[in-house]
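Each chain, letter by letter, is given below.
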Amino acid sequence: MNSTPSSNRTQIGFFGLRNAGKSSLVNAITNQEISVVSDTAGTTTDPVTKAMELLPLGPVVIIDTPGFDDIGELGEKRVKKTKEILAKTDIALLVCEAGRELLAQETEMIELFKEKNIPYLIVRSKADLFENYEAKENEIAVSAETGKGIEELKEKMASFGESRSEPVLISDLVEEGDVALLVVPIDKSAPKGRLILPQQMVIRDLLDAGASAFVTKDTTYKETLDSLLKKPSIVVCDSQVFGKISQQTPNDIRLTSFSILMARMKGFLHTAVCGAKKIADLKDGDKVLVCEGCTHHRQCEDIGTVKLPAWIKEYTKADVKFEFASGSAFPDDLSSYSLIIHCGGCMITEKEVQHRMKRAIDENIPFTNYGTAIAFIKGILDRSIEML
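These numbers come from a predicted model, not from an experiment.

Engineer: What exactly am I supposed to notice about unusual backbone geometry here?
Structural biologist: Excluding glycine, residues mostly carry a negative phi; peptide bonds, for their part, are mostly trans. The phi angle at Lys 317 is positive, at roughly 60°, despite the residue not being glycine. The phi dihedral of Asn 364 is positive, around 60°, even though this residue is not glycine.

In structure tokens:
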């Protein structure tokens, strides 16, 4: 459980006014001094996260957010950051003091939860100061000071996740005993001494399904394929070698990429396919936003900032302009873009990828990802998605 990537954990956000007791509650639930607690309003200035296991829900990330009633120029930035957390929140807890009616700002947050289809619970904090307080529907009274209601709150949090289905990466595409051949280039952009997360995830999912995973470099792919006694059920390759591997793979062997599998798991493959086809419509002066969900040191052969733009320019023969975003950064204004190309999204949650996709769709901007775009450019899109 401890090794589960944050992007695959249920994200539980604690929201509320300053001094509502959010940080004390987070500390009580985690049994650790995760957040600084003080009587001074606005002590929590940035979101604080803690990965843990919450049975029976499983691996989760607890997020303590700044008060959304913060004031001043800096306070406005903190409130903006708090609302950004909603893009990846799976379960929202609105923390407000017991013994009073909800304030207008708290009601506003509830409306945001509903608008974004986020399951939520109203947590009445400091209940030890109001002995006879009775929680209403969708409320629970707790006290971080005495421990009242903490275990019950954990159970309610866990119950929210009971209907959540586990994301499927590749296990439904193979049967027990199948062989999968994975192609992993080791070049200057490959991380030293390890595999990137999608590659690790595919290997684990195959093993869980009872299939065998063989891993080879693109430079030794053909020799490895020819040496296997049992024909692979599927070949999965890194997007940047899609064209080369497609030419070397017989048509009776299914072929796709790690990035396309990630798009399917994150729930936007159909949108990605439609968006990739819009590459053909790009013309001189059009602007493309290339996004990565993580941050890393750029290499001279970086796929997002170097190879992909070059392939698009070669394919379109147009003077297309490119802008780049990484990590949690995603532009507030998307109106100037003709296309958005996202990474596989392995380091951000499904909800956050879907949020970005929805923002693009709402503004009629095509949205795709690296692998799907490259498959289209290389002329193998139909083959790479036919089994999905």
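Engineer: Before we go on, may I ask you to explain the pattern of salt bridges in this structure?
Structural biologist: When their charged atoms lie close together, side chains carrying opposite charge are able to pair. Applying the stated criterion across every chain, the model contains 16 salt bridges. The partner of Arg 204 in a salt bridge is Asp 208, and the shortest N-O contact between them spans 2.9 Å. With a gap of four residues between them, Arg 204 and Asp 208 both fall in helix H5 (residues 197-208), about one helical turn apart. Residue Arg 204 is classed as exposed on the basis of its relative accessible area of 54%. The residue Arg 356 makes a salt bridge to Glu 352 at a minimum N-O spacing of 3.8 Å. One end of the pair is Arg 356 and the other is Glu 352, both in helix H11 (residues 350-362) and four residues apart, which spans about a single turn.

Engineer: Any chance you could explain the sheet that holds strand S2 (residues 48-54) here in plain terms?
Structural biologist: One open sheet accounts for six strands, arranged S2-S3-S1-S4-S5-S6; its pairing is mixed. Where the open sheet ends on each side, the last strands, each with one partner, are S2 and strand S6 (139-141). Within this sheet the neighbouring strands show an average axis-to-axis angle of 25°, counted without direction. Contacts from helix H1 (residues 22-30) reach strand S1 (10-16), S2, strand S3 (58-64), strand S4 (91-97) and strand S5 (120-125) within the one sheet, and its direction differs from that of S1 by about 145°.

Engineer: Would you take a moment to explain the environment of Ala 28 for this structure?
Structural biologist: With respect to the helices and strands, Ala 28 occurs in helix H1. For the pair Ala 28 and Ala 144, spaced 116 residues apart in the sequence, the C-alpha separation amounts to 5.6 Å. Leaving out residues up to four positions away in the same chain, Ala 28 has contacts with Ala 144 and Ile 150.

Engineer: Just to check I follow, could you spell out the packing of helix H10 (residues 303-316) against helix H12 (residues 370-377) for this structure?
Structural biologist: Packing of H10 against H12 leaves a shortest axis separation of 10 Å and a crossing angle of 30°. Taken as axis vectors, H10 and H12 run roughly parallel relative to one another. Crossing of H10 over H12 shows left-handed handedness. Contacts between H10 and H12 pair Ile 303, Gly 304, Leu 308, Trp 311, Ile 312 and Tyr 315 from the former with Tyr 370, Ile 374, Phe 376 and Ile 377 from the latter.

Engineer: Explain the confidence of the model for the protein chain to me, please; I cannot follow it from the model alone.
Structural biologist: Reading predicted coordinates in detail is not appropriate for stretches of low pLDDT. Taken over all residues, the pLDDT of the protein chain has a mean of 87, while the share at 70 or more is 89%. The element-level mean pLDDT for the protein chain is lowest in helix H2 (residues 72-85), coming to 74, with strand S7 (residues 179-183) highest at 98. Across residues 35-44 the pLDDT falls below 50, and counting only partners more than four positions away or on other chains, this stretch makes 23 contacts in the model.

Engineer: Explain the sheet that holds strand S11 (residues 287-292) here, please?
Structural biologist: In spatial order, the strands read S12-S11-S13-S14; together these four strands make up an open sheet with parallel pairing. Only two strands of the sheet have a single neighbouring strand rather than two, namely strand S12 (321-326) and strand S14 (367-369). With direction set aside, neighbouring strand axes in the sheet form an average angle of 25°. Pairing between S11 and S12: six bridges, direction parallel. Across the sheet, Val 290 pairs through a bridge with Phe 324, a residue of S12. In the packing of H10 onto the sheet, contacts are made with S11, S12 and strand S13 (339-342), and the angle to S12 comes to roughly 150°.

Engineer: Please clarify how helix H4 (residues 150-160) should be interpreted in this entry.
Structural biologist: Turning to H4, its buried residues are Ile 150, Leu 153, Lys 154, Met 157 and Ala 158. Looking straight down H4, one finds that the buried residues subtend no more than 140° of arc, so they occupy a single side. Every exposed residue of H4 that faces more than 90 degrees away from the buried side is listed here: Glu 151 and Glu 155.

Engineer: Whenever I open this one, the packing of aromatic side chains confuses me. Can you help?
Structural biologist: For any pair of aromatic rings, the description rests on two quantities: the centre-to-centre distance and the angle between the ring planes. Evaluation of the coordinates by the stated rule reveals four aromatic pairs. Taken together, a centroid distance of 5.6 Å and an interplanar angle of 55° make the contact between Phe 15 and Phe 113 tilted. Of this pair, Phe 15 sits in strand S1 while Phe 113 sits in helix H3 (residues 104-115); the two residues are 98 residues apart in sequence, bridging distant segments of the chain. The class for Phe 15 is buried, based on a relative accessible area of 0%. A residue is classified by how much of its surface remains accessible, and Phe 113, at 0% relative accessible area, is buried. Taking 5.6 Å as the distance between ring centres and 70° as the angle between the ring planes, the aromatic pair formed by Phe 268 and Phe 367 counts as edge-to-face. Here the residue Phe 268 occupies a position in the loop between helix H8 (258-265) and helix H9 (269-277), and Phe 367 occupies one in strand S14, the gap between them amounting to 99 residues. The class for Phe 367 is buried, based on a relative accessible area of 1%. One aromatic cluster is present, built from ring pairs that chain together Phe 15, Phe 113 and Tyr 120.

Reading the values: rules and limits
- Residues numbered from 1 in each chain as written.
- Predicted model: local features only at pLDDT ≥ 70, side-chain atom pairs only at ≥ 80, totals over all residues.
- Heavy atoms only, no water.
- Salt bridge = Lys/Arg side-chain N within 4 Å of Asp/Glu carboxyl O.
- Helix = DSSP H or I, 4+ residues; strand = E, 2+ residues; numbered from the N terminus.
- Buried < 20%, exposed > 50% of the residue type's maximum accessible area, 1.4 Å probe, protein only.
- Pairing = 2+ DSSP bridges.
- Axes fitted to C-alpha atoms, helices over the stretch in contact; angles between N-to-C directions.
- Contact = heavy atoms within 4.5 Å.
- Parallel < 35°, antiparallel > 145°, perpendicular 65-115°, else oblique.
- Left-handed = near helix turned anticlockwise from the far one by under 90°.
- pLDDT = per-residue confidence, 0-100.
- Arc of directions from axis to C-beta.
- Phe/Tyr/Trp six-rings, centres within 6.5 Å; stacked < 30°, edge-to-face > 60°.

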